[in-house]
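# Descriptive structure summary
Next come the chains, spelled out residue by residue.
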Amino acid sequence: MPQAADTRTTPAYRDSPAPLYQDVIKNDAHPAPPVVTEYSETAIDCSRVPRSQYTSPDFARLELERMWPRVWQVACREEQIPEVGDCVVYESPGASVLIVRNAPDEIKAFYNSCLHRGMKLCMQDTSVQKITCPFHGFTWNLDGSLAHVPARWDFPQIEDAKFHLRDVRVGRWGGFVFINRDKNAKPLEDYLGNLPAHFASWPRDSVYLAKMIRKTINANWKTCIEGFVESYHLSGIHAQALPFGGDSSTQYDVWPGNENISRFLEPTGVQSDQYPNRLNEQQVLDAAIRVVFGRDAEVPELPEGVRARTFLAEATRQAMSAADGRDYSQLSDAEAADAMQYSVFPNFILFRSLTYPYAYRFTPVRDNPNQAVFDFFIFRPKPADGSPLPETELVELGPEDSYSGSGALPPWLGQIYDQDSTGLAMCQEGLRDGGDADVIYSSYQEVRIRHLHQTLARYVAMPPL
Ligand code: FES
Ligand SMILES: [Fe+2]
């Protein structure tokens, strides 16, 4: 008979021989800080949704009218617009938005459309002194105030002081620039709930966007994000990681009253309860190292009593210290080796882990509920000497391009994301062509998906904005 679950760190109904996350980290050589030992209530009622929510143009239209205009979305990174006049075009669902640094420490956002006859003002990221429409030359200052109208005499109806580019709200946190099209939306600080507090003690916060891999995925934006917020798919999609991937020990947190934020804590160096054989620590380490470095990789022998995760955490601290020139020797094993992953409703994921200096953003492809754009952000620490940051490397991949073929990721990691993008496309095909049964979600391991749909349902019940 299974032991009664420890309800202080898991739901009472959990029934798995795999250890709880909090038990995994309890004896770590470098103990975890309070932000990692926290556990929160997980029950969310929303247990099923009609599959049409993933496939139907009508539901995508509801999202477009009611949800996307009201939510805070990551538009870009501050370092993508370092100088006054730098602009990023963010193709937000339903609106093209121009993000502009208009003063050294001020960022504004405008609808990317001319107030004359509607021309798109910027087609791509650029750097300008003034914002000039390419059609007839109407021009605005960087703060959105009107600068010039060619043949001004021909527009008696224009009142210069009121002819301001249409503002979109801007919020800033952690180097991310967020936008919100709803003038009445609550401030970003409220929207983000406990996220800033959870990142306040993260020592690797001074980073820049080194690389962005942008790939079109043949799946709805929700299919995509949902495929990344649970570890339950490890056995089906990433079976190579079952000996050490920690899927069955992952902790999932949602917080009462916090409708936008959730997280999981996925331990490294713990075998899955779906792996058929019991492994000793050396075998766990062997599997982990061979997935990363190849089948013939030499694996060090673990000293008596040392766990695989202890070894992996120390190896990570040392490798990242060497790569970054920073001292991570005091960092906890959990923060070094585990996947500590947060999501911000609706479409953003951010890791707080040394091993995973990543963020993800998923946006729907216009007029196509069966496709989304996956922006994969890869961060590096800023140079300690304050020297200028290298420009972000942009890699663009089409629906049929593979991560591993692009060379943009180490081979083992490219394989993981290829498995994900192939799996997501297969899931979307099944959703689209598979009859009318509802989609259902597990109580615990898919609680973050329930949480997403609970919040989404609240928005789509609102009137169009
Ligand atoms: S449409 Fe922009 S100046 Fe005419
Ligand atoms: Fe995956």
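One can find the structure itself at the top, above this paragraph.
Source: prediction; values computed, not measured.

## Let's talk about the sheet that holds strand 7 (residues 131-132)
- In spatial order, the strands read 7-8-9; together these three strands make up an open sheet with antiparallel pairing. One side of each edge strand has no neighbouring strand; the edge strands of this open sheet are strand 7 and strand 9 (146-148).
- One ladder, built from two bridges, connects strand 7 with strand 8 (residues 139-140); its direction is antiparallel. Pairing of Ile131 across the sheet is with Trp140, part of strand 8.

## Description of helix 10 (residues 308-324)
- Over its 17 residues, helix 10 runs 24 Å from end to end, which matches the ideal 24 Å to within 8%, given 1.5 Å per residue.
- Those residues of helix 10 lying buried are Ala308, Arg309, Leu312, Ala313, Thr316, Arg317, Met320, Ser321 and Asp324.
- On the buried face of helix 10, the contacting elements are helix 1 (21-26), helix 9 (281-293), helix 11 (333-337) and strand 18 (368-381).
- Positive backbone phi, approximately 70°, marks Gly325, located one or two places after helix 10.

## Some thoughts on the pattern of salt bridges
- A complete count under the given rule lists 25 salt bridges for this structure.
- Residue Lys120 pairs with Glu91 through a salt bridge whose shortest N-O separation is 2.8 Å. One end of the pair, Lys120, is in the loop between strand 5 (106-111) and strand 6 (126-127); the other, Glu91, is in strand 3 (residues 86-92), and 29 residues separate them in sequence.
- Lys120 sits in the partly exposed class, given a relative accessible area of 26%.
- The residue Glu259 makes a salt bridge to Arg458 at a minimum N-O spacing of 2.7 Å. Note that Glu259 is positioned in the loop between strand 13 (251-254) and strand 14 (261-266) and Arg458 in helix 14 (residues 447-460), a separation of 199 residues in sequence.
- For Arg458, a relative accessible area of 39% gives the class partly exposed.
- Shared partners join several salt bridges into a network, and the residues in it are Asp28, Arg307, Arg309 and Asp338.

## What to know about the packing of aromatic side chains
- If you walk through the whole model with that rule in mind, you get 35 aromatic pairs.
- Ring centres of Phe138 and Phe163 lie 6.2 Å apart, and the angle between their planes is 55°; on these two criteria the pair is classed as tilted. Here the residue Phe138 occupies a position in the loop between strand 7 and strand 8, and Phe163 occupies one in the loop between strand 9 and strand 10 (167-173), the gap between them amounting to 25 residues. Considered together, Phe138 and Phe163 belong to a single accessibility category, that of buried residues.

## Some thoughts on the pairing of strand 14
- Burial analysis of strand 14 places six of its six residues in the buried class, which makes it a mostly covered element.
- Of the pairings in the sheet, the one linking strand 13 to strand 14 comprises four bridges and is antiparallel in character. Bridge pairing in strand 14 links Asp253 to Arg263.
- Linking two consecutive strands that pair antiparallel, namely strand 13 and strand 14, is a turn of six residues; a positive phi of about 80° is found at Gly257 within it.
- Sheet topology note: the strand 14/strand 15 (residues 339-344) ladder contains six bridges and is antiparallel. For Arg263, the partnering residue across the bridge sits in strand 15 and is Tyr342.

## Points about the packing of helix 4 (residues 57-67) against helix 14
- Contact pair helix 4 / helix 14: the axes reach a minimum separation of 8 Å and the direction vectors enclose 75°. It follows that helix 4 is roughly perpendicular to helix 14 by the angle criterion. Seen from helix 4, the contacting residues are Phe59, Leu62, Glu63, Arg66 and Met67; seen from helix 14, they are Leu456, Tyr459 and Val460.
- Residue classes in the contact of helix 4 with helix 14 are distributed as six nonpolar, no polar and two charged.

## Side note on the packing of helix 9 against helix 10
- The geometry of helix 9 relative to helix 10 is characterised by a closest axis approach of 8 Å and an angle of 40° between their N-to-C directions. By the angle between their directions, the pair helix 9 and helix 10 is classed as oblique. Along the contact surface, helix 9 presents Glu281, Val284, Leu285, Ala288 and Ile289, while helix 10 presents Ala308, Arg309, Phe311 and Leu312.

Definitions and limits used
Residues numbered from 1 in each chain as written. Chains lettered and ligands numbered in written order. Predicted model: local features only at pLDDT ≥ 70, side-chain atom pairs only at ≥ 80, totals over all residues. Heavy atoms only, no water. Pairing = 2+ DSSP bridges. Helix = DSSP H or I, 4+ residues; strand = E, 2+ residues; numbered from the N terminus. Expected span 1.5 Å × (residues − 1). Buried < 20%, exposed > 50% of the residue type's maximum accessible area, 1.4 Å probe, protein only. Contact = heavy atoms within 4.5 Å. Salt bridge = Lys/Arg side-chain N within 4 Å of Asp/Glu carboxyl O. Phe/Tyr/Trp six-rings, centres within 6.5 Å; stacked < 30°, edge-to-face > 60°. Axes fitted to C-alpha atoms, helices over the stretch in contact; angles between N-to-C directions. Parallel < 35°, antiparallel > 145°, perpendicular 65-115°, else oblique. Nonpolar A, V, L, I, M, F, W, Y, C, P; charged D, E, K, R; others polar.

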